[in-house]
Amino acid sequence: MNGLVDHGFSLNALRSGDKQEIARLVDAYSNQIYRLGLKMLGNPQDAEDILQNTFLKMLQNIKGFEGRSSISTWLYRIAANEALMLIRKKKPEVDLTDQLNEYGDGNPPEPENLIDWCCLPEQELLTAEARDHLDLNIANLPEKLRIVFILRDIDGLSIESTADALNISETAVKTRLLRARLHLREGLSKYYGERFSGRMDNHAAK
Amino acid sequence: MPQNDHSHCQDLLGEMSTYLDGNLNRELCDKLEKHLAECKDCRIVVDTMRKTIFLYKKTAAETGGVPDMVRERLYRSLNLDDLHTRM
């Protein structure tokens, strides 16, 4: 059987340790994986560890890779796993019952802040301070919601690939994505609402 | 509590998210858009949710790639050093 070609990558070449092909794969995905690590862990050292470990593990396991998912999905799966494991290692004291409520039990959180900040010009929405707040906002998301948001909304993976990468159902992907979006929306509405309170219609819910 | 009956707006949150992905079927899409035309609160939720996603996508796209030193160390860890200069 000739080498399978996966999105332009030759599995045979990768399996045989072809450096050109490995380098091509690394170049194709290192930006996204580094960014995933940064957004999940919040610091460059951890992001670099995740980047290296992802490709190292990929190379270690490429011979057993059957191609049931695409190589990119597989890389994201390894990276997501590395990120989640590292987070867990750093804060083992997390209260599991709190986290369970975030993952699909009961109804999604009701939007509270109904300020319409969409009309604000982009240069105001993206000041340096606002950007810091965007980072803080996503860092505060429970990690299992954060990873779904990163894969779906930032990396643009399909629902199917996201489910595959995280080993969860497509329904779980949709539920967690909704929760992530609601949390992030709420955090930004609070921030922009406080910053620009005099300038927008205020529809604060009671 | 808002004046209108919003008892079922909470149920529409999932649909709003699917709607933003362009994955809502025609019938539900029309139904939701009709609701959004009549319900300011829900419209604000959808609009701010859409904008939230947009801001995160935009700032992510603007971040530079892997820093040079990180890339060098990555290549070294994968025994690809000799290829590094081809960039």
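Criteria and thresholds
Residues numbered from 1 in each chain as written. Chains lettered and ligands numbered in written order. Predicted model: local features only at pLDDT ≥ 70, side-chain atom pairs only at ≥ 80, totals over all residues. Heavy atoms only, no water. Salt bridge = Lys/Arg side-chain N within 4 Å of Asp/Glu carboxyl O. Helix = DSSP H or I, 4+ residues; strand = E, 2+ residues; numbered from the N terminus. Contact = heavy atoms within 4.5 Å. Core = buried A, V, L, I, M, F, W, Y, C linked by side-chain atoms within 4.5 Å. Buried < 20%, exposed > 50% of the residue type's maximum accessible area, 1.4 Å probe, protein only. Arc of directions from axis to C-beta. Axes fitted to C-alpha atoms, helices over the stretch in contact; angles between N-to-C directions. Parallel < 35°, antiparallel > 145°, perpendicular 65-115°, else oblique. Left-handed = near helix turned anticlockwise from the far one by under 90°. Nonpolar A, V, L, I, M, F, W, Y, C, P; charged D, E, K, R; others polar. pLDDT = per-residue confidence, 0-100. Polar contact = N/O pair within 3.5 Å; in protein donor to acceptor, adjacent residues only side chain to side chain. Buried area = accessible area lost by both parts, 1.4 Å probe.

### Quick word on the pattern of salt bridges
Here is step 1: A complete count under the given rule lists 22 salt bridges over all chains for this structure.
Here is step 2: Where Arg35(A) meets Asp155(A), a salt bridge forms, and the shortest distance between an N and an O atom there is 2.7 Å. Here the residue Arg35(A) occupies a position in helix H2 (residues 19-41), and Asp155(A) occupies one in the loop between helix H8 (143-154) and helix H9 (159-166), the gap between them amounting to 120 residues.
Here is step 3: For Arg131(A), the salt bridge is made with Glu62(B), and the minimal N-O distance between the two is 3.0 Å. Here Arg131(A), found in helix H7 (residues 128-139), pairs with Glu62(B), found in helix H3 (residues 40-62), and the two come from separate chains.
Here is step 4: Salt bridges here are not isolated pairs; linked through shared partners, they connect Glu122(A), Arg131(A), Lys58(B) and Glu62(B).

### Side note on the environment of Leu182(A)
Here is step 1: On the secondary structure map, Leu182(A) appears in helix H10 (residues 170-195).
Here is step 2: If we ignore the near neighbours within four places in the chain, the residues touching Leu182(A) are Pro108(A), Pro109(A), Pro111(A), Leu13(B) and Met49(B).

### Digging into the nonpolar core
Here is step 1: One finds Leu36(A), Met40(A), Phe55(A), Phe149(A) and Tyr192(A) to be the most contacted residues of the largest nonpolar core, which totals 72 residues.
Here is step 2: When residues in this core are grouped by element, the largest group, eleven residues, is from helix H4 (residues 71-90) of chain A.
Here is step 3: Formed by 17 residues, the second largest nonpolar core is a distinct cluster that contains Cys9(B), Met16(B), Tyr19(B) and Leu24(B).

### Comments concerning H9(A)
All names here are of chain A.
Here is step 1: All of the buried residues in H9 are Ile159, Thr162, Ala163, Ala165 and Leu166. All buried residues of H9 fall inside an arc of 165 degrees around its axis, so they share one side.
Here is step 2: Lining the buried residues of H9 we find H4, H8 and H10.

### Here we look at the packing of H2(A) against H4(A)
Residues and elements named next belong to chain A.
Here is step 1: H4 packs onto H2 with a crossing angle of 30 degrees between their chain directions and a minimal axis gap of 10 Å. Classed by the angle they form, the pair H2 and H4 counts as roughly parallel. The hand of the H2/H4 crossing is right-handed. Side by side, H2 and H4 meet where Leu25, Tyr29, Gln32, Ile33, Leu36, Met40 and Leu41 of the first sit next to Ile71, Ser72, Leu75, Tyr76, Ala79, Ala83, Leu84, Leu86, Ile87 and Lys90 of the second.
Here is step 2: Of the residues that constitute the contact of H2 with H4, the class distribution is 14 nonpolar, two polar and one charged.

### Observations concerning the confidence of the model for chain B
Here is step 1: Averaged over chain B, the pLDDT score is 88; the fraction of residues at 70 or greater is 87%.
Here is step 2: If you check the scores for this complex, the pTM reads 0.88 and the ipTM reads 0.88.

### Topic: the side chain of Arg181(A)
Here is step 1: The topology assignment puts Arg181(A) in helix H10.
Here is step 2: A distance of 2.7 Å separates the side chain of Arg181(A) from the side chain of Ser17(B), its partner in a polar contact.
Here is step 3: Once you skip the residues sitting within four places of it in the chain, Arg181(A) turns out to touch Phe149(A), Asp153(A), Ser17(B), Leu20(B), Asp21(B), Met49(B) and Ile53(B).

### Notes on the interface of chain A and chain B
Here is step 1: Counting residues at the interface gives 51 residues for chain A, matched by 43 residues for chain B.
Here is step 2: Interface area for chain A against chain B, summed over the two sides, is near 4,200 Å², with a carbon-plus-sulfur share of 64%.
Here is step 3: Applying the counting rule to chain A against chain B returns six salt bridges.
Here is step 4: Applying the counting rule to chain A against chain B returns 15 residue pairs in polar contact (both at pLDDT 80 or more).
Here is step 5: Those elements that place two or more of their residues in the side of chain A that touches chain B are H2, helix H3 (44-61), helix H6 (122-125), H7, H8 and H10 of chain A.
Here is step 6: Within the side of chain A that touches chain B, the residues separate by chemical class into 28 nonpolar, eight polar and 15 charged.

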